[in-house]
Amino acid sequence: IIQTYEQTKPADKRDIGAKVAKGDILAFIDDDVYPSETWLEHAVLLMKDKKLAAVCGPGVTPASDSNRQKASGWMWSTLMGTGGVGSYRCLPQRSREVDDFPSFNLIVRATDFNKVGGFSTAYWPGEDTKLCHDLVYKLQKKIIYHPEILVYHQRRPVFTKHLAQISRYGLHRGFFAKRLPKTSRRLVYFLPLFSAVTAVTLPLSSIFFLALGKVYIASSLLTIFFSLIFMYSAALLITSFFVGIKSRSFVISLLLPPTITASHFVYGYHFGKGLFARELQD
């Protein structure tokens, strides 16, 4: 056991562990995660392929989590919640090649880890995004996601702790959209920001044109606004309905719509802050 100071960043802790590790493979897992029985078995088999720099797998919400934690887990697991970009990170899906994966379940070849300088301690969260970027685009090696490299990931309960986590992710993803465009400048990451801006500007623009006497333009903008609200609400209700069936929990189905909506707005706002920030303050 390696003792570190409480204020030590997660990236620093992982780098310290990597320096004293003696094996050829480094297995990173978070303190709110526990592995399945065959977690390392499948990882080691895949890592026999020397073309791979790393392997990873899903972090499933444990059955023991509270309903508030499970609502967070379902937000991360649904198309409506993540735009499809991260659902495979929380639910077992088909094996695939990835270029960005969280360090809650990331298994890396030690030589490749050292070649790129380990985790970037300047960022938290986001140090894993930087590491994966360098493994794939600097070393020109592969990261493979496999559903059987499975762990159980306890979630932040909604709403305060969940949204605090969302805000950190949004801030760093927005910043990385400038610094690491190959992995972070993707349309799906911008959608919450676009949605939040649209939700504010359309009603204000309608009021502005109404004050100018442009009733037709004002009514057209309001029609667009309410049409978008209707489609978004319908998608929320459909998602909530199917999650309620899968989870067999009416409480989770009730918690999910406000969880997803609040997550989108908080993420979008902080993504914008990160996008226009010159540097991120620790």
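Visitor: Just give me the short version of the sheet that holds strand 5 (residues 96-98), but keep the residues and values in it.
Guide: Whether parallel or antiparallel, the strands of a sheet pair through hydrogen bonds between backbone atoms. The mixed open sheet is built from five strands, whose spatial order is 1-6-3-7-5. The two strands at the open ends of the sheet, each matched to only one other strand, are strand 1 (25-29) and strand 5. Taking the axes of each pair of neighbouring strands and ignoring which way they run, one obtains an average angle of 25 degrees across the sheet. Summarising the sheet, strand 5 and strand 7 (residues 142-145) pair through three bridges and their orientation is antiparallel. Paired with Val-98 across the bridge in strand 7 is Ile-143. In the packing of helix 2 (residues 39-46) onto the sheet, contacts are made with strand 1, strand 3 (52-56) and strand 6 (105-109), and the angle to strand 6 comes to roughly 35 degrees. Contacting strand 3, strand 5, strand 6 and strand 7, helix 6 (residues 127-137) runs over the sheet at an angle of about 40 degrees to strand 6.

Visitor: Mind laying out the sheet that holds strand 8 (residues 151-153), listing which residues take part and the relevant values?
Guide: If you trace the three strands from one edge of the open sheet to the other, you get 2-8-4, paired in mixed fashion. Each edge of the open sheet is held by one strand with a lone partner, namely strand 2 (33-35) and strand 4 (59-60). Pairing of strand 2 with strand 8 involves three bridges; the strand directions are antiparallel. Bridge assignment links Pro-35 to a residue of strand 8, and that residue is Val-151.

Visitor: Got a sec to walk through the nonpolar core? Specific residues and values, please.
Guide: One recurring pattern in soluble globular proteins: nonpolar side chains tend to sit buried together. Ranked by internal contacts, the top residues of the largest apolar core, which has 33 residues, are Val-55, Leu-106, Val-108, Phe-113, Leu-131, Leu-135 and Ile-143. Listing elements by their share of this core, those giving two or more residues are helix 1 (10-20), strand 1, helix 2, strand 3, strand 6, helix 5 (110-115), helix 6 and strand 7. With five residues, the top contributor of residues to this core is strand 3. Excluding residues within four positions of it along the chain, Val-55 makes contact with Ala-43, Leu-46, Met-47, Asn-105, Leu-106, Ile-107, Ile-144 and Ile-149.

Visitor: Go over the packing of helix 9 (residues 187-211) against helix 11 (residues 250-276), please, and point to the residues and values.
Guide: Packed helices, taken two at a time, are described by the angle their axes make and the gap between the axes. For the pair helix 9 and helix 11, the least separation of the axes is 8 Å and the interaxial angle reads 105 degrees. What the angle tells us is that helix 9 and helix 11 run roughly perpendicular. Here Tyr-189, Phe-190, Pro-192, Leu-193, Ala-196 and Ala-199 of helix 9 lie close against helix 11, whose contacting residues are His-264, Phe-265, Tyr-267, Gly-268, Phe-271, Gly-272 and Leu-275. A per-class count over the contact of helix 9 with helix 11 returns ten nonpolar, three polar and no charged.

Visitor: Explain the environment of Gly-17 to me, using residue names and the numbers behind them.
Guide: The residue Gly-17 is located in helix 1 in this model. Classification of Gly-17 as partly exposed rests on a relative accessible area of 27%. Between the C-alpha atom of Gly-17 and that of Ile-149, which follows or precedes it by 132 residues, the distance is 21 Å.

Visitor: Go over the pairing of strand 6 with me, naming the residues and quoting the values.
Guide: In terms of burial, strand 6 is largely enclosed, as five of its five residues are buried. Across the two faces of strand 6 the burial is the same, with Asn-105, Ile-107 and Arg-109 and Leu-106 and Val-108 all buried. Taken together, the five bridges between strand 1 and strand 6 define a ladder with antiparallel strand orientation. Bridge pairing in strand 6 links Leu-26 to Val-108. The pairing of strand 3 with strand 6 spans three bridges and is classified as antiparallel. Directly across from Cys-56, in strand 6, lies its bridge partner Leu-106.

Definitions and cut-offs
Residues numbered from 1 in each chain as written. Predicted model: local features only at pLDDT ≥ 70, side-chain atom pairs only at ≥ 80, totals over all residues. Heavy atoms only, no water. Pairing = 2+ DSSP bridges. Helix = DSSP H or I, 4+ residues; strand = E, 2+ residues; numbered from the N terminus. Axes fitted to C-alpha atoms, helices over the stretch in contact; angles between N-to-C directions. Contact = heavy atoms within 4.5 Å. Core = buried A, V, L, I, M, F, W, Y, C linked by side-chain atoms within 4.5 Å. Buried < 20%, exposed > 50% of the residue type's maximum accessible area, 1.4 Å probe, protein only. Parallel < 35°, antiparallel > 145°, perpendicular 65-115°, else oblique. Nonpolar A, V, L, I, M, F, W, Y, C, P; charged D, E, K, R; others polar.

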